[in-house]
Number of protein chains: 2
Amino acid sequence: MSAYAALAEPHRRQILDLLRDGERPAGELVEHLDLSQPGVSKHLKVLREAGLVAVRTQGKQRVYALRPEPLAEVDRWLEPYRAFWSQRLDALEHHLEENP
Amino acid sequence: MSAYAALAEPHRRQILDLLRDGERPAGELVEHLDLSQPGVSKHLKVLREAGLVAVRTQGKQRVYALRPEPLAEVDRWLEPYRAFWSQRLDALEHHLEENP
DNA sequence: AAATCATATTTCCATATGGAAATATGACCA
DNA sequence: TGGTCATATTTCCATATGGAAATATGATTT
């Protein structure tokens, strides 16, 4: 699954937000997420396959960490759009139309 | 549908990319998109409902324009992640672990 | 080796989604 | 008004998705 598709699910974005503070075992994510344990595990699988998180086994725990690379790709896609809101929108559009 | 979910579909991102060059009638999008006319129309509906495009009727044509606001929201979500790839990743993570 | 803990996988179900094809709608023109 | 063009909507189908519940797996402890 693409990073874009992975981000379409709010719980998955929430998982990434949690991992911004540092790596966490799966169980800790379950505690924070108002979702069943299997539910979280499924979403983690999607995030793994999208390359957005990495797992490491530590004792009986599975510790998840953020892998930001795919987000960087999204960020690059977004890049050319930034011009559309960083300046006043109407003025910019007008400018572009008149100076193509 | 959320902006995130709207972006999950590659054709929809492609439509937005086309609209970055300026507004276009639906038919012109169809020409560029290796998709049937109804297919494009369906995706345009999703983009409309997500607030990512606006339509204007001009004669018998329906002219579509980019509405970047929802992308700005995505950009804001992405913001805190930027720190994770703007500096060398390993060094940064190491730094954060030692200075929490 | 058995029991236990943490997590993953499977199964089931209801719903959402994309694409193709057919049809409908609305604006303009003759 | 009837016809045509551009586009939207509907219908159909196959597949994907999320969530809940049950079960399986792998590591650790006893």
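These numbers come from a predicted model, not from an experiment. Numbering of residues begins from 1 in every chain and follows the order in which that chain's sequence is written. Just so you know, chain letters begin at A and ligand numbers begin at 1, following the order they were written in. For this predicted model, a pLDDT threshold of at least 70 governs which residues receive local features, and a threshold of 80 or more governs which side-chain atom pairs are given and counted, while totals over whole chains, interfaces and linings are taken from all residues. Values shown for side chains rest on all heavy atoms present in the structure; no hydrogens or waters enter the calculation.

### Some points on the protein's contact with DNA strand D
Surveying the vicinity of DNA strand D reveals 22 residues, the closest of which are Lys42 and His43 of chain A together with Gly27, Gln37 and Tyr64 of chain B. Atoms of DNA strand D within 4 Å of the protein belong to the sugar or the phosphate in 64% of instances, the rest to bases. Interatomic distance of 3.2 Å between a backbone N/O atom of Ala26 of chain B and a phosphate oxygen of DNA strand D. Within 3.5 Å is the distance limit for a polar contact, defined as a pair of N or O atoms, with the added protein rule that one can donate a hydrogen and the other accept it, and that residues adjacent in sequence qualify only through two side-chain atoms. At a separation of 3.4 Å, a sugar or linking oxygen of DNA strand D approaches a polar side-chain atom of Lys60 of chain B. Contributions of two or more residues to the surface near DNA strand D are made by α2 (10–19) and α4 (37–49) of chain A together with α3 (26–32), α4 (37–49) and β3 (61–66) of chain B. Nearness is judged by heavy atoms alone; a residue qualifies as near a molecule or strand once a single heavy atom is within 4 Å of it. Numbering of helices and strands starts at the N terminus; helices are DSSP runs of H or I of at least 4 residues and strands are runs of E of at least 2.

### Focus on the interface of chain B and chain A
Contact definition: two residues touch when any of their heavy atoms are within 4.5 Å. On the side of chain A, 24 residues touch chain B, which itself brings 24 residues to the contact. Summing both sides of the interface, chain B and chain A together bury roughly 2400 Å²; the carbon and sulfur share of this comes to 72%. Counting the surface chain B buries against chain A, the share from its top three residues, Arg20, Trp77 and Tyr81 of chain B, is 23%. A salt bridge links Asp75 of chain A to Arg82 of chain B; the nearest nitrogen and oxygen atoms lie 3.1 Å apart. In this assembly, chain B and chain A are joined by 8 residue pairs in polar contact (both at pLDDT 80 or more). The term buried area refers to how much accessible surface (probe radius 1.4 Å) is lost by two components on association, counted for both of them together. By salt bridge we mean one thing: a side-chain nitrogen of Lys or Arg within 4 Å of a carboxyl oxygen of Asp or Glu.

### Looking at the pattern of salt bridges
A complete count under the given rule lists 16 salt bridges over all chains for this structure. Arg82 of chain A is the partner of Glu79 of chain A in a salt bridge, and the nearest nitrogen-oxygen pair spans 3.3 Å. Only protein chains enter the calculation, and the probe is 1.4 Å; a residue is then buried if its accessible area is under 20% of its type maximum, exposed if over 50%, and partly exposed in between. For Glu79 of chain A, a relative accessible area of 44% puts it in the partly exposed group. Glu28 of chain B is the partner of Arg24 of chain B in a salt bridge, and the nearest nitrogen-oxygen pair spans 2.7 Å. Owing to a relative accessible area of 11%, Arg24 of chain B belongs among the buried residues under this scheme. Since its relative accessible area comes to 30%, Glu28 of chain B is described here as partly exposed. Salt bridges sharing partners connect three or more residues here, namely Asp75, Glu79 and Arg82 of chain A together with Asp75, Glu79 and Arg82 of chain B.

Scope: geometric values only; no functional claims are made or implied.
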